[in-house]
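One-letter residues, chain by chain:
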Amino acid sequence: MKILVCLKQVPHQDARLDIDGAGTWIKEDGIKFEINSYDTFALEEALRIKDAGEAEVVVVSIGPDRVTQALRTALGMGADRAIHVKDAEIDGSDTLGIAKVLAAVAKEESPDLVLMGLMSDDGNASAVPPMMAELMGVPSATAVMKATPEGDGYRCERELEGGALEVVDLAKPCLIAVQSGLNQVRYASLKGIMAAKKKPMDTKSAGDLGLSGVVGAAGAKAQIEKIYAPVRGEGAEIIEGSTDEVVTQLVGKIKELGLL
Amino acid sequence: MFEGVDFMLLDEELADEEILARDTVRNWVTQEFMPVIQEHVRKDGSFPMELVPGIAELGLFGANLHGYGCAGMSNVGYGLVMQELERGDSGLRSFASVQGSLCMYPIHAFGSEAQKEKYLPAMAAGESIGCFGLTEPDFGSFAQGMRTKAVRKGDGWILNGTKRWITNGSLAHVSIVWAQTEEGVRGFLIDRGTPGFEARDIKGKFSLRGSVTSELFLQDVELSEENRLPEAKGMKGPLSCLTQARYGIAWGVIGAAMACFDEVVEYSRERIVQGGPLASKQLTQAKLADMFTEITKAQLLAHRLGRLKDEGKLHHTMVSMAKRNNVDIALQVARVSRDLLGANGIVDDYQAMRHMVNLETVRTYEGTHDIHTLILGEHITKMRAL
């Protein structure tokens, strides 16, 4: 059994974010990064499968040198091997570009199961997991709250709107994108961190994965146009008084504006 | 988010695993320890024992020891762990210091193979808690004057005496007790429940309320020769343990200082005084600049000390300088932080005063500030001061 866990390194949830000069991303200098919280639940799920039986857990992440810290953390928590996809050519990829890179890694690794978070804390697109599954040609489920081995695959409980759950059966190989909170994520132990020093971490480029010229800004169908802080609106008025007074005044204002 | 101080870019000098260890413990303290410490300190003055399995799982007990279930971290990595624990509370770091440096270390250094096998893995796993009995009611700094006696009886020993100010005394499954014998000072391992041995807690502490402090009573405690640490001979035994623990303190108190500094910087930015933020006042900035500088100097001292320890070049007088200086500046940082917080600094919604009163104990234990002054004085002059 081989499990591939896709990790994204994102700015720390409490980091103070400033927009960069181009206005299309944030300034990354001097801020702390962490593993995308949704992905930590995916990693924990993989490690639990490993703890319960025999499985090799391979973690993969795309990004610059800082990403190795996320991978080392995952190795410290118990993953067996790491793949760092590092290539400036991948910069500016849209979600499809990222899905292509991850699918190419998955093709090389042929895992029985791919686990990842259902979205990232920074991009919030929720697009990569289904795209990756499509590119791999495997069944997938998103927003998974519980995955239990069932026959030759997994029975997944998906969270739907309004608290409803949907049950889907996936045959292996498959991809499961987990919702946050489905387990209690462990900490890396000092022993694990020391052992991680000896665990292999491979570095791969777009070329190594046969994706040269396919991914990156050039191949992106979606590009970030602009990032900006919400503009503070003007003209808001707070109406104070008893309920009756407030209602009378509010109705008066609406009539004044000719909306009623 | 607590980020600590790194003005001199010391992170660039750290190995990946040292940063990872520090950040992991930092997260753990934020998520698991900070939410519970206030209640333990406020209500009954107890250690959050429910966190012990988690601390053990992280591998924080005896983290710089090798083998027997220990992590085998570098001494700088170990120091950073102590720093992060004391960022939470000096009581938390004390718990780990006593377990690792004062109990696991002497068993590791002076114990028989059987003793190591029996105690170390269980202590690393947090299943067995240890305490260290050296200080007595009448003998603190002058520990060699101890009255606790061990007398040979047949193949074994009989111990009598009292030990006081013993961290984790009543929690301990095994106590390392130092006693006078005809051959000099020797160390003994006393398991909980041994007849004639009793631990009672010291109540009414203003300081280290998140830690248990006890008195140990030994009345005709019969031990076998297997309970004695075979390689510990003379005061060198307990003193070498103290060097280990003092090393951890030199790092730990930087954490307490950074906790206070972090809190007061944020507070002073937001607190409006006479039309502007407290942080915009010259007197405030002078105080913050001093704190920032002293924390940075303490970090440089600890870092170099750690690397020397890794290289086997550490002398105990160097540890004395670092313990003395770093505790002193941490206490200053805590006091000035408390001052800047104004009346808010009096209540336990803010950390400064908790750290401040804790650090009064840290200044006294493991060699008082004045004793370390005299150790340095003797090192400089080659004369023992009278």
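**A word on the overall build of chain B**
Item 1. A count of helices and strands for chain B gives ten helices and nine strands.
Item 2. Evaluated residue by residue, chain B yields a buried proportion of 57% over its 386 residues.
Item 3. Taking contacts inside chain B between residues at least 6 apart in sequence as the whole, the part at least 24 apart equals 75%.
Item 4. Total accessible area on chain B stands at roughly 16400 Å², and carbon and sulfur atoms take up 53% of it.

**Details of the nonpolar core**
Item 1. Counting residues in hydrophobic clusters, the biggest one holds 137 residues, and the most contacted among them are A:Val5, A:Leu43, A:Ile176, B:Leu85 and B:Trp178.
Item 2. Counting residues in each nonpolar core, the second largest holds 29 residues, with A:Val60, A:Leu102, A:Leu118 and A:Val128 among its members.

**A short note on the interface of chain B and chain A**
Item 1. At the junction of the two partners, chain B supplies 26 residues and chain A supplies 16 residues.
Item 2. Summing the contributions of chain B and of chain A, the shared interface buries around 1800 Å²; its carbon and sulfur component is 64%.
Item 3. In terms of surface lost to chain A, no three residues of chain B exceed B:Met1, B:Glu17 and B:Leu20, which account for 34% of the buried area on that side.
Item 4. Linking B:Asp23 and A:Lys32 is a salt bridge whose minimum nitrogen-to-oxygen distance equals 3.4 Å.
Item 5. At the boundary of chain B and chain A, one finds five residue pairs in polar contact (both at pLDDT 80 or more).
Item 6. With twelve residues, helix H1 (residues 16-42) of chain B is the largest single contributor of residues to the side of chain B that touches chain A.

**Quick look at the domain arrangement of chain B**
Residue and element names in this part refer to chain B.
Item 1. Examined at the domain level, chain B breaks down into domain 1 (10-124), domain 2 (130-227) and domain 3 (236-381).
Item 2. Computed from C-alpha atoms alone, the centre-to-centre distance between domain 1 and domain 2 is 23 Å.
Item 3. Listed as interface residues are 25 residues of domain 1 and, on the opposing side, 17 residues of domain 2.
Item 4. Surface buried jointly by domain 1 and domain 2 totals about 1600 Å² across both partners, of which 64% is contributed by carbon and sulfur atoms.
Item 5. The interface formed by domain 1 and domain 2 contains one salt bridge.
Item 6. As a salt-bridge pair, lysine 118 and aspartate 191 come within 3.2 Å of each other at their nearest N and O atoms.
Item 7. One can count six residue pairs in polar contact (both at pLDDT 80 or more) joining domain 1 with domain 2.
Item 8. Contributions of two or more residues to the side of domain 1 that touches domain 2 are made by H1, helix H4 (90-110) and helix H5 (113-124).
Item 9. Residues belonging to the side of domain 1 that touches domain 2 are distributed by class as follows: 13 nonpolar, eight polar and four charged.

**Side note on H5(B)**
Residues and elements named next belong to chain B.
Item 1. Taking 1.5 Å per residue, twelve residues should reach 16 Å; H5 reaches 16 Å between its end C-alpha atoms and fits that length.
Item 2. On its buried face, H5 is in contact with helix H2 (52-58), H4, strand E1 (130-133), strand E4 (174-181) and strand E5 (184-191).
Item 3. One or two steps after H5, the chain reaches glycine 126, where phi turns positive at roughly 75°.

**Overview of the sheet that holds strand E11 (residues 201-204) of chain A**
Residue and element names in this part refer to chain A.
Item 1. The nine strands are arranged E9-E8-E7-E10-E6-E1-E4-E5-E11 in an open sheet whose pairing can be described as mixed. Edge strands, defined here as strands with exactly one partner in the open sheet, are strand E9 (165-171) and E11. Ignoring which end each strand starts from, the neighbouring axes of this sheet average 30° apart.
Item 2. Examined bridge by bridge, strand E7 (residues 140-150) and strand E8 (residues 153-159) share six bridges and lie antiparallel to one another. By the bridge assignment for E8, valine 144 is matched with arginine 158.
Item 3. Together, strand E4 (56-62), strand E5 (81-85) and E11 form the strand contacts of helix H2 (residues 67-77), whose direction differs from that of E5 by roughly 165°.
Item 4. Contacting strand E1 (2-6), E4, E5, strand E6 (113-117) and E11, helix H3 (residues 95-109) crosses the sheet at an angle of about 150° to E4.

**Things to note about the pattern of salt bridges**
Item 1. Summed over all chains, the structure comprises 40 salt bridges over all chains.
Item 2. Between A:Lys50 and A:Asp80 there is a salt bridge, and its shortest N-O distance comes to 2.8 Å. With a gap of 30 residues between them, A:Lys50 in helix H1 (residues 37-52) and A:Asp80 in the loop between H2 and E5 connect regions that are remote in the sequence.
Item 3. Exposure remark for A:Lys50: the relative accessible area of 22% places this residue in the partly exposed category.
Item 4. Judged by relative accessible area, A:Asp80 falls into the partly exposed class, the value being 23%.
Item 5. For B:Arg22, the salt bridge goes to B:Asp23, with nearest N and O atoms at 3.1 Å.
Item 6. Taking relative accessible area as the criterion, B:Arg22 reaches 6% and is therefore assigned buried.
Item 7. Residue B:Asp23 is classed as buried on the basis of its relative accessible area of 12%.
Item 8. Through salt bridges with shared partners, one network takes in A:Lys2, A:Glu56, A:Arg81 and A:Glu109.

**Quick word on the pairing of E4(A)**
Along a regular strand, successive side chains alternate from one face of the sheet to the other.
All names here are of chain A.
Item 1. When you tally the buried positions in E4, you get five out of seven residues, the bulk of the element.
Item 2. Direction of pairing for E1 relative to E4: parallel, over a ladder of five bridges. The partner of isoleucine 3 across the bridge, within E4, is valine 57.
Item 3. Pairing of E4 with E5 involves five bridges; the strand directions are parallel. If you follow isoleucine 62 over to E5, its bridge partner there is valine 85.
Item 4. Handedness of the β-α-β unit built from E4, H2 and E5 comes out right-handed.

**Points about the pairing of E8(A)**
Residue and element names in this part refer to chain A.
Item 1. Counted along the chain from E7 to the antiparallel partner E8, the turn is two residues long, and its residue glycine 151 has a positive phi close to 60°.
Item 2. As paired strands, E8 and E9 are joined by seven bridges and run antiparallel to one another. Bridged to glutamate 159 within E9 is leucine 165.
Item 3. What sits between the antiparallel neighbours E8 and E9 is a turn of five residues, in which glycine 162 has the positive phi angle 75°.

**What to know about the packing of aromatic side chains**
Item 1. All told, the structure shown has nine aromatic pairs over all chains when counted by the stated rule.
Item 2. A ring pair is formed by B:Phe61 and B:Phe95, whose centres lie 6.0 Å apart and whose planes are at 40°; its orientation type is tilted. Of this pair, B:Phe61 sits in the loop between H2 and helix H3 (75-88) while B:Phe95 sits in helix H4, placing them 34 residues apart in sequence. Like B:Phe95, B:Phe61 is buried.
Item 3. A ring pair is formed by B:Tyr105 and B:Phe110, whose centres lie 6.3 Å apart and whose planes are at 80°; its orientation type is edge-to-face.
Item 4. With relative accessibility at 19%, the residue B:Tyr105 sits in the buried group.
Item 5. For B:Phe110, a relative accessible area of 13% corresponds to the buried category.
Item 6. In textbook terms, an aromatic cluster arises when at least three aromatic residues are bridged by ring pairs, as seen for B:Phe7, B:Phe261 and B:Phe292.
Item 7. The positively charged end of A:Arg66 is found above the aromatic ring belonging to A:Phe33, 3.8 Å away from the centroid.

About the thresholds
Residues numbered from 1 in each chain as written. Chains lettered and ligands numbered in written order. Predicted model: local features only at pLDDT ≥ 70, side-chain atom pairs only at ≥ 80, totals over all residues. Heavy atoms only, no water. Helix = DSSP H or I, 4+ residues; strand = E, 2+ residues; numbered from the N terminus. Buried < 20%, exposed > 50% of the residue type's maximum accessible area, 1.4 Å probe, protein only. Contact = heavy atoms within 4.5 Å. Areas by Shrake-Rupley, 256 points an atom, 1.4 Å probe, with all protein chains shown as cover. Core = buried A, V, L, I, M, F, W, Y, C linked by side-chain atoms within 4.5 Å. Buried area = accessible area lost by both parts, 1.4 Å probe. Salt bridge = Lys/Arg side-chain N within 4 Å of Asp/Glu carboxyl O. Polar contact = N/O pair within 3.5 Å; in protein donor to acceptor, adjacent residues only side chain to side chain. Domains from an automatic or database assignment. Nonpolar A, V, L, I, M, F, W, Y, C, P; charged D, E, K, R; others polar. Expected span 1.5 Å × (residues − 1). Pairing = 2+ DSSP bridges. Axes fitted to C-alpha atoms, helices over the stretch in contact; angles between N-to-C directions. Right-handed = clockwise from strand over helix to strand, strands pointing away. Phe/Tyr/Trp six-rings, centres within 6.5 Å; stacked < 30°, edge-to-face > 60°. Lys NZ or Arg CZ within 6 Å of the ring centre and 35° of its normal.

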